[in-house]
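In case you want the letters, here they are:
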Amino acid sequence: MLDRPHPTPAAPTADPFALAKALSGVHFIGGAYVPARSGKTFAVVNPATGAEVARAAEGDAADVDAAVQNAAKAQKEWAKVPARKRGALVHQCAQLLKEHVDELGRLIALETGKALRTESRVEANVVADVFEFFGGLGSELKGESVPFAPNVLSVTVREPLGVVGAIIPWNVPMLLMALKVAPALVAGNAVVVKSAEEAPLAVLRICEIMNRVLPPGVFNMVSGFGPECGAPLVTHPLVRKVTFTGSVETGKIVARAAAEKLIPVTLELGGKSPMIVFADCDFDKTVSGALTSMRFTRQGQSCTAASRIYVERPIFDRFVTAMKDAVNGMVMGDPLDEKTDIGTIVSEGQLEKVRGFIAEGTATPGATAHVCSAMPTDPALKKGLFIQPVIFTGLTKDSRLVREEIFGPVTVIQPFDDPEAVLAEANDSDYGLAASLWTNNLKVGLDLAHRLEAGLVQINQNLVVQANLSYGGVKSSGLGKEASLEAMLEHFTHKKTIMVNMA
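Just so it is clear, the model here is predicted, and its values are computed rather than measured.

**What to know about the overall build of the protein**
Helix and strand counts for the protein come out as 16 helices and 19 strands. Relative to a compact globule of 503 residues, whose C-alpha radius of gyration would be 23 Å, the protein shows 23 Å and is just as compact. With respect to the principal axes defined by its C-alpha atoms, the protein has extents near 75 × 65 × 40 Å. Within the protein, buried positions represent 58% of all 503 residues. The long-range share in the protein, meaning contacts at least 24 apart out of those at least 6 apart in sequence, stands at 74%. Only carbon and sulfur atoms are counted for the fraction: they give 55% of the accessible area of the protein, which is about 19,400 Å². Side chains of the protein carry 49 positive and 54 negative charges; the gap between the two charge centres is 5 Å.

And the structure:
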């Protein structure tokens, strides 16, 4: 196997196209760049132009085995490193990542089509923050003294699980990778990440940057497709924990495979998040919040997107008009252009899925499709995967657009008259990831917040995932939590009881 130890520049680069080429054709295993053992690669495409910008290594079971074997070997020594020192090393990685924020933002904009100013650079900053946060939690890996008997010392200790397999999606790949890798490493585990085939480059660059600080083999990255690369990672006998973000269907497959091995699994599987707007809200703040909540700058490609908006009837028409005006004011264009608010859909397949939902909604009797913003006019972008945001009114609660996750810039706004009825409608979903309430009556807001079936409920705001705030859903939105101390302790360690008879 031919190693490529230094194919990428050590210093941050402002040219994402050159960096993409330099990252072509390799995994990162055991502290070094290595090609796929089969020699196969697949195309990484810029969704704004349709042009191939890189070739990613097409991993299979042999590549996964090499990564896991390296991780298992490295983990034994990593677990012996004092927890605070492990945390200090992860914190050091965070400081190094801060130097590469602009570079990583440009790279993720290139491969996913997310606008640099409004999305990609923001994600890169949050990634560094996540590693910094968890880097400070090494001293929290502590146990308890358990009263048992006067002559018996009984204590618990937290121990790492071993090798963690992490599978990440394409919508915010750097952030979701960080939420899995950071707590796993601080807790003393080694990690093998399988990147999303649509977005393998930025996470690979992060892995290489962090390996300048971490011992070889502690953090490994492979790229490839689900059946050939993801499945062998989940089923590998040395993988003792799986953490996955993706679709419900794939999550069930992952859960079944993990159950066969009797290993723990964390699943974040999407959502159909309701936004409930009362007439007494701060109107301008709420309209602005709806733009953020729907993640229009990410083309709605978010698990927490407010794709169901319920507005109290007295302000319904005014709210719809204000929403249309606000989205019309957003600029769609080249993701790498600082003037761009909205970029592209990530892939041709996802674009066709979104178009199918829009066509179905448009053809529904009584429904109105409010098409917003404007397609870019630059001839260089004519092959880009751009689509205008659509706000639907007049759809019933049984519509697929109301019930299913679209993962595109499509939201449905519906009027309501009664708080209890809108609560029932919001909870009438297979999903339960996030929700938001917008009202100046905090008694009403807190009452509904307690009764909404969601893992994260926000009142008068709808922030994206933040370090130190427990994040994870109920029902079909998944199992387990991320982003918090609780997540590190409960999902990346096990508790051992030690008893000493002193009689």
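Moving on from the model shown.
**Some thoughts on helix H7 (residues 201-210)**
One full turn of an α-helix is made of 3.6 residues, so residues set three or four places apart face in the same direction. By the criterion of burial, H7 is predominantly enclosed, with 10 of the 10 residues buried. For H7, the set of buried residues is Leu201, Ala202, Val203, Leu204, Arg205, Ile206, Cys207, Glu208, Ile209 and Met210.

**Side note on the side chain of Lys114**
As for its position among the elements, Lys114 is in the loop between helix H4 (101-112) and helix H5 (116-135). Apart from the residues lying within four places of it in its own chain, the contact partners of Lys114 are Ala109, Glu119, Ser120, Glu123, Asn171, Val172, Arg298 and Pro335.

**A closer look at the pattern of salt bridges**
Considering all chains together, one arrives at 27 salt bridges under this definition. A salt bridge links Glu132 to Lys98; its shortest N-O distance comes to 2.8 Å. Here Glu132 is found in helix H5, whereas its partner Lys98 is found in helix H3 (residues 83-99), with 34 residues between them in sequence. Residue Glu132 is classed as partly exposed on the basis of its relative accessible area of 24%. We classify Lys98 as partly exposed; its relative accessible area is 38%.

**Notes on the packing of H5 against helix H6 (residues 173-186)**
Axis separation between H5 and H6 bottoms out at 9 Å; the angle between their running directions is 10 degrees. What the angle tells us is that H5 and H6 run roughly parallel. Only Pro173, Met174, Leu175, Met177, Ala178, Leu179, Val181, Ala182, Pro183 and Val186 of H6 make contact with H5, whose side of the interface consists of Ser120, Glu123, Ala124, Val126, Val127, Val130, Phe131, Phe134 and Gly135. Residue classes in the contact of H5 with H6 are distributed as 16 nonpolar, 2 polar and 1 charged.

**Digging into the environment of Pro183**
As for its position among the elements, Pro183 is in helix H6. The exposure class assigned to Pro183 is buried, which follows from its relative accessible area of 0%. Separated by 305 residues in sequence, Pro183 and Met488 have C-alpha atoms that sit 5.0 Å apart. If we skip the residues at most four places from it in the chain, Pro183 touches Phe134, Ala178, Met488 and Phe492.

**Considerations on unusual backbone geometry**
At Ser373, a position not held by glycine, the phi torsion is positive, near 60 degrees. Mapping Ser373 onto the fold places it in the loop between strand S13 (368-371) and strand S14 (390-393). A relative accessible area of 11% places Ser373 in the buried class. In this model, Phe407 sits at a positive phi of 60 degrees, which is unusual for a non-glycine residue. Following the sequence through the fold, Phe407 ends up in the loop between helix H13 (400-403) and strand S15 (410-416).

Calculation rules
- Residues numbered from 1 in each chain as written.
- Predicted model: local features only at pLDDT ≥ 70, side-chain atom pairs only at ≥ 80, totals over all residues.
- Heavy atoms only, no water.
- Helix = DSSP H or I, 4+ residues; strand = E, 2+ residues; numbered from the N terminus.
- Rg over C-alpha atoms; globule rule 2.2 N^0.38 Å.
- Buried < 20%, exposed > 50% of the residue type's maximum accessible area, 1.4 Å probe, protein only.
- Contact = heavy atoms within 4.5 Å.
- Areas by Shrake-Rupley, 256 points an atom, 1.4 Å probe, with all protein chains shown as cover.
- Lys, Arg positive; Asp, Glu negative; His and termini not counted.
- Charge placed at Lys NZ, Arg CZ, Asp CG, Glu CD.
- Salt bridge = Lys/Arg side-chain N within 4 Å of Asp/Glu carboxyl O.
- Axes fitted to C-alpha atoms, helices over the stretch in contact; angles between N-to-C directions.
- Parallel < 35°, antiparallel > 145°, perpendicular 65-115°, else oblique.
- Nonpolar A, V, L, I, M, F, W, Y, C, P; charged D, E, K, R; others polar.

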